[in-house]
Structures are given as C-alpha cells and as structure tokens.
Amino acid sequence: MKIEIPYFSFKKAPKTLKEEWKEAISHVIEQGQFIGGETVELFESEWAKSVGTSHAVGVGNGLDGLAIALRVLGIGEGKTVAVPAHTFIASWLAIKLTGAEPIGVDVDENGLLDLEKLFLLNEIPDAVMPVHLHGAMVDMPRLSKWAKQKGVKIVEDASQAHFASVESKYAGAWSDAGVFSLYPSKNFGAIGDAGIINFHNQEYANFAKSIRSYGSEISNKYFHKIPGVNSRLDSVQAAVLSVNLKYLSDWNRHRIKLGKIYSEKLNPNFNILQSEALNSVRHHFPILVNDPTKVCNYLLENGIGTDRHYPEIAANTYYKFYNKEPSIFKNAKNITERVISLPISQWHSTSEIEIVCEILNEGLDSGKIK
Ligand SMILES: Cc1ncc(COP(=O)(O)O)c(C=O)c1O
C-alpha cells in the first residue's frame with residue numbers, strides 16, 4: 001500500500017468537527033453580528049478562564065497581538081526588548097512594529113531562550129519576550145523572578161504552546177501579557193487568521209481593546225485617544241474557536257502520545273531537539289540531522305511530509321532587513337542548519353507515527369541518511 005502521511009492536513013479533520021464548525025458559523029450568520037459582539041466576548045471570556053487570567057482580548061493575528069501587548073506595556077521608541085535569536089520571525093517583527101529595538105539572545109540546547117545569557121546581558125532590557133517554541137515552555141518561574149527583581153516587563157509569545165504548563169500554570173498566564181497566534185495549524189487554531197492576548201489587569205485589557213480598534217474610546221467609537229490599528233478577532237473565527245476549545249486538552253494529549261512514540265521508537269542516534277522532560281505539548285516534533293534536505297527528500301520519496309522550523313536564524317534575517325551586522329548565535333546556528341520537523345498533529349494516528357519511525361530507522365540502518 002502506498003504510504004501518504006502529510007506533514008499537516010485539514011483533510012484529516014473529522015467530518016463531525018467540520019459539521020460543528022458549520023453549525024457555529026450558521027448561528028453567527030443568523031445573528032448578523034460579524035465584528036465584535038457576544039460571540040467574540042463569549043470566546044474571550046472562555047479563553048481567559050481556561051488559561052487562568054481575568055481578561056483576554058481577541059485580535060486579528062499573533063503578530064498584531066505581540067505588538068499590541070508590547071504597546072500596552074509602554075514599549076515603543078527608545079525601548080529595548082530581549083528576544084530569542086531562534087524563533088519565528090514574527091516575534092522580532094512585532095518588536096520593530098512598536099518602534100522598539102530587539103536585542104537577540106541565543107537559545108539553549110532545547111531551542112529555548114537561554115536564561116543564563118539573558119541574565120548576563122550588558123544592558124538590562126525594558127522587556128523580554130520568552131517564546132515557548134515547538135510546544136515547550138521557557139523556565140518561567142526563574143525568568144519571572146529575575147524580571148521582577150530587575151523591573152523588566154514580560155510578554156510571552158505562547159503561539160506554539162496553548163495549554164502547555166509549568167508548575168500547573170499555563171503558558172500565557174505567567175506574565176504581564178500572554179500572546180497566542182490562533183493560526184489554523186496551531187495546537188489551537190481558527191479557520192483563518194486570529195490571535196488573542198491574555199492579561200491579569202483590566203486596564204491593560206481595556207488599553208489593548210482600544211489599540212485593536214483604531215485607538216477609539218471603548219464607550220465611544222468615534223473618539224480616538226491614541227493612534228491604534230485595525231486588528232479585531234471576527235465572530236466567525238470566535239465561533240469556531242469556541243467549538244475547538246472543547247477539544248484542545250484531548251488534542252494536546254494525543255500530540256503528547258505521538259511525541260512519546262517518536263521518543264521511544266526512533267533510533268537513539270536521531271537527535272530529538274526537545275526531550276520528554278520538557279513537558280512539551282508537541283506543536284512541532286523537531287529533530288536535528290546532518291543533512292536536512294537529504295532527510296526531507298528521503299522521507300518525501302517514502303510518502304512522508306516534513307517541514308523546517310526554522311531554516312534561518314530569525315535574528316540574522318532581521319539584521320539583514322535593517323542592514324545590521326549579524327551576530328554569532330552558536331546554538332541558533334546549529335539548530336537552524338540541522339532542524340527538520342516530523343509529522344505530528346491531533347489527526348495523525350499512532351500507526352502513522354510508527355511508520356515514520358520505521359522508515360527513518362531503516363534509512364539510518366541502510367546508510368541512506370545520517
Ligand atoms: C512563535 C510565533 N510567534 C508569532 C507568530 C505569528 O502569528 P500569526 O501568524 O498569527 O501572525 C507565530 C505563528 O506563526 C509563531 O509561531
């Protein structure tokens with residue numbers, strides 16, 4: 001039988017789930033409230049409660065969410081924000097959108113913000129943006145303690161870590177503002193662009209609501225206090241997200257189970273980037289190989305899709321845009337040169353993941369890949 005295991009595909013989503021989405025969307029159409037209103041407010045309050053914060057503000061996407069969160073905390077021109085060198089480029093661009101300057105910090109061997117290096121920076125930044133990459137969280141108890149001592153604000157980029165937790169507290173609830181992309185293929189996603197920011201503080205939430213809607217006053221939409229943007233979560237996405245929220249814990253459990261299969265069945269000579277000890281919710285399953293193109297091609301020839309998160313160092317991409325000298329980020333370089341992501345999602349079966357392991361192990365045994 002021909003093997004066909006895509007890296008990720010919505011074609012694998014169950015029919016019953018798609019029926020639930022359609023029903024929720026029909027309800028929005030009948031209600032006739034497409035921007036804001038009760039569907040969005042309901043989702044915002046469900047999400048705030050689920051993550052463990054008092055407020056959540058829906059926005060158009062994760063990039064805008066990060067920029068709005070930073071602005072709410074007073075980050076803008078003349079300020080600096082420490083950010084991991086290796087992340088999705090949006091983390092860096094969001095800082096630039098506010099007018100502030102990103103300060104790159106290398107990642108550790110797990111691909112997460114290296115706290116030792118952060119604490120040794122010559123200049124204390126105004127804020128720090130830990131990125132919970134691939135589903136694993138930065139050591140937030142340690143980072144929060146340092147940030148509090150130094151008066152540094154934290155904006156978590158939790159876009160890849162919905163319902164990941166450390167010490168029973170979820171990603172996005174550890175800081176002044178926790179930001180989530182709700183891009184469709186995330187652990188928790190919409191059926192289009194969407195994002196959300198979690199806050200513990202009502203004033204911050206109100207400020208974010210104002211920025212997302214042209215800077216208008218909440219009680220009077222044609223009075224503007226500040227130059228805002230248009231970045232609202234729409235009702236169709238909110239309705240679908242409320243459906244998906246019921247399944248997020250089960251979906252994560254399934255991803256974690258698939259991650260365990262990889263950890264147990266892959267030949268130990270494969271270098272798994274994030275071990276079981278990190279309690280990842282397995283947004284991605286990255287491994288490091290000597291020749292990523294060769295391994296991706298080998299898997300593709302065998303009917304298996306892969307991706308690469310990420311083949312460029314975000315810091316150096318950013319420096320290139322703004323004509324700055326690239327820096328040396330040793331771990332980020334090693335990871336970006338060698339990383340590939342194996343298929344993992346709530347809709348992959350355990351037997352599909354076993355097949356991926358078998359094919360990779362065979363490739364190694366036969367010397368086709370290294
Ligand atoms: C770590 C990280 N930050 C930010 C973003 C940006 O989110 P969006 O695509 O919703 O703008 C993403 C999503 O792709 C991401 O993975």
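Above: the structure in question.
From a predicted model like this one, the values you see are computed outputs, not experimental measurements. (Residues numbered from 1 in each chain as written. Predicted model: local features only at pLDDT ≥ 70, side-chain atom pairs only at ≥ 80, totals over all residues. Heavy atoms only, no water.)

Novice: Is there a simple way to think about helix H10 (residues 292–301) in this case?
Specialist: Three or four residues apart is the spacing at which side chains of an α-helix point the same way, because the helix has 3.6 residues per turn. Turning to H10, its buried residues number three or more, namely Pro292, Val295, Cys296, Tyr298 and Leu299. Viewed end-on, H10 has its buried residues packed into an arc of 160°, placing them on one side of the element. Across from the buried face of H10, at angles greater than 90 degrees, the exposed residues are Thr293, Leu300 and Glu301. A positive backbone phi angle near 85° is found at Gly303, which sits one or two residues after H10. (Buried < 20%, exposed > 50% of the residue type's maximum accessible area, 1.4 Å probe, protein only. Helix = DSSP H or I, 4+ residues; strand = E, 2+ residues; numbered from the N terminus. Arc of directions from axis to C-beta.)

Novice: Is there a simple way to think about the site of the ligand in this case?
Specialist: Lining the immediate surroundings of the ligand are Asn61, Gly62, Leu63, Phe88, Ala90, Val131, Asp157, Ser159, Gln160, Ser181, Lys186 and Tyr310. Contact between the ligand and Ser181: an oxygen atom at 2.7 Å from a side-chain N or O atom of the residue. The separation between an oxygen atom of the ligand and a polar side-chain atom of Lys186 is 2.9 Å. In isolation the ligand exposes 380 Å². Once the protein is present, 90% of that is buried. Here the shell around the ligand is built from residues that sort into five nonpolar, five polar and two charged. (Near = heavy atom within 4 Å. Polar contact = N/O pair within 3.5 Å; in protein donor to acceptor, adjacent residues only side chain to side chain. Areas by Shrake-Rupley, 256 points an atom, 1.4 Å probe, with all protein chains shown as cover. Nonpolar A, V, L, I, M, F, W, Y, C, P; charged D, E, K, R; others polar.)

Novice: How should I be thinking about the side chain of His132 in this particular structure?
Specialist: Of note, His132 is situated in the loop between strand E4 (127–128) and helix H6 (140–150). Separated by 3.1 Å, the side chain of His132 and the backbone nitrogen of Val138 make a polar contact. For His132, the contacting residues outside a window of four places in its chain are Leu112, Met137, Val138, Met140, Glu156, Asp157, Ala158, Gln160, Ala161 and Ala171. (Contact = heavy atoms within 4.5 Å.)

Novice: Help me out: how do you make sense of the nonpolar core in this one?
Specialist: A general tendency of soluble globular proteins is for nonpolar side chains to be buried together. In terms of nonpolar packing, the biggest core is built from 45 residues, with Phe43, Trp47, Leu118 and Leu143 touching the most fellow members. For this core, the elements supplying multiple residues, two or more each, are helix H2 (38–51), helix H5 (115–119), H6 and helix H8 (235–245). A total of five residues in this core trace back to one element, the largest contributor, which is H2. In this structure, this core is formed jointly by two domains, domain 1 (14–245) and domain 2 (248–365), each of which donates at least three residues. Contacts of Leu118, omitting those with residues within four sequence positions, involve Ala82, Val105, Leu113, Val128, Leu143 and Trp146. Core analysis: the second largest hydrophobic core is formed by 40 residues, Val59, Leu288, Tyr319 and Phe329 among them. (Core = buried A, V, L, I, M, F, W, Y, C linked by side-chain atoms within 4.5 Å. Domains from an automatic or database assignment.)

Novice: It is not clear to me how the sheet that holds strand E10 (residues 271–272) should be interpreted in this structure. Could you clarify?
Specialist: Consider a sheet: its strands pair through backbone hydrogen bonds, and that pairing is either parallel or antiparallel. Taken in spatial order, the three strands of this open sheet run E10-E11-E12, and their pairing is antiparallel. Edge positions in the sheet fall to E10 and strand E12 (339–342), since each has one partner strand and no second. One ladder, built from two bridges, connects E10 with strand E11 (residues 285–288); its direction is antiparallel. Pairing of Asn271 across the sheet is with Leu288, part of E11. In the packing of helix H9 (residues 248–265) onto the sheet, the strands contacted are E10, E11 and E12, and the crossing angle to E11 comes to about 20°. Set on the sheet, helix H12 (residues 330–338) makes contact with E10, E11 and E12; between it and E12 the angle comes to about 55°. (Pairing = 2+ DSSP bridges. Axes fitted to C-alpha atoms, helices over the stretch in contact; angles between N-to-C directions.)

Novice: Explanation requested: helix H11 (residues 314–321) in the structure shown.
Specialist: Turning to H11, its buried residues number three or more, namely Ala314, Ala315, Thr317, Tyr318 and Tyr319. Packing partners of the buried residues in H11 comprise helix H4 (89–98) and strand E3 (101–105). Following H11 by one or two positions, Asn323 has its phi on the positive side, about 50°.

Novice: Honestly, the sheet that holds strand E8 (residues 177–181) in this entry has me stumped. Any pointers?
Specialist: Spatially, seven strands are ordered E1-E9-E8-E5-E4-E2-E3 in an open sheet, and the strand pairing comes out mixed. Strand pairing shows two members of the sheet lacking a second neighbour, strand E1 (55–59) and E3, which therefore form its edges. Where strand E5 (residues 153–157) lies against E8, three bridges are found, and the strand directions are parallel. Each bridged residue has a counterpart across the sheet, and for Val155 the counterpart in E8 is Ala177.

Novice: For this particular structure, what's the right way to read the environment of Leu143?
Specialist: Within the element layout of this structure, Leu143 appears in helix H6. Once the C-alpha coordinates of Leu143 and Phe119 are considered, the two residues, 24 residues apart in sequence, prove to be 9.1 Å apart. The contacts of Leu143, once residues within four sequence positions are left out, are Leu115, Leu118, Phe119, Val128, Pro130, Val138 and Ile154.

Novice: What's the story with the pairing of strand E2 (residues 80–84) in this structure? I'm lost.
Specialist: The side chains of a regular strand alternate between the sheet's two faces. Counting buried positions along E2 gives five out of five residues, so the element sits mostly inside the fold. The alternating pattern of E2 places Thr80, Ala82 and Pro84 on one face and Val81 and Val83 on the opposite face, and all of these are buried. Read from E2 through H4 to E3, the crossover connection turns out right-handed. Direction of pairing for E2 relative to E4: parallel, over a ladder of two bridges. (Right-handed = clockwise from strand over helix to strand, strands pointing away.)

Novice: It is not clear to me how the environment of Phe34 should be interpreted in this structure. Could you clarify?
Specialist: Mapped onto the elements, Phe34 comes out in the loop between helix H1 (15–31) and H2. Between the alpha carbons of Phe34 and Ser235 there is a distance of 5.1 Å; along the sequence they are 201 residues apart. Once residues lying within four places of it in the same chain are set aside, the contact partners of Phe34 are Val28, Ile29, Asp234 and Ser235.

Such coordinate-based values are descriptive only and should not be taken to indicate function.
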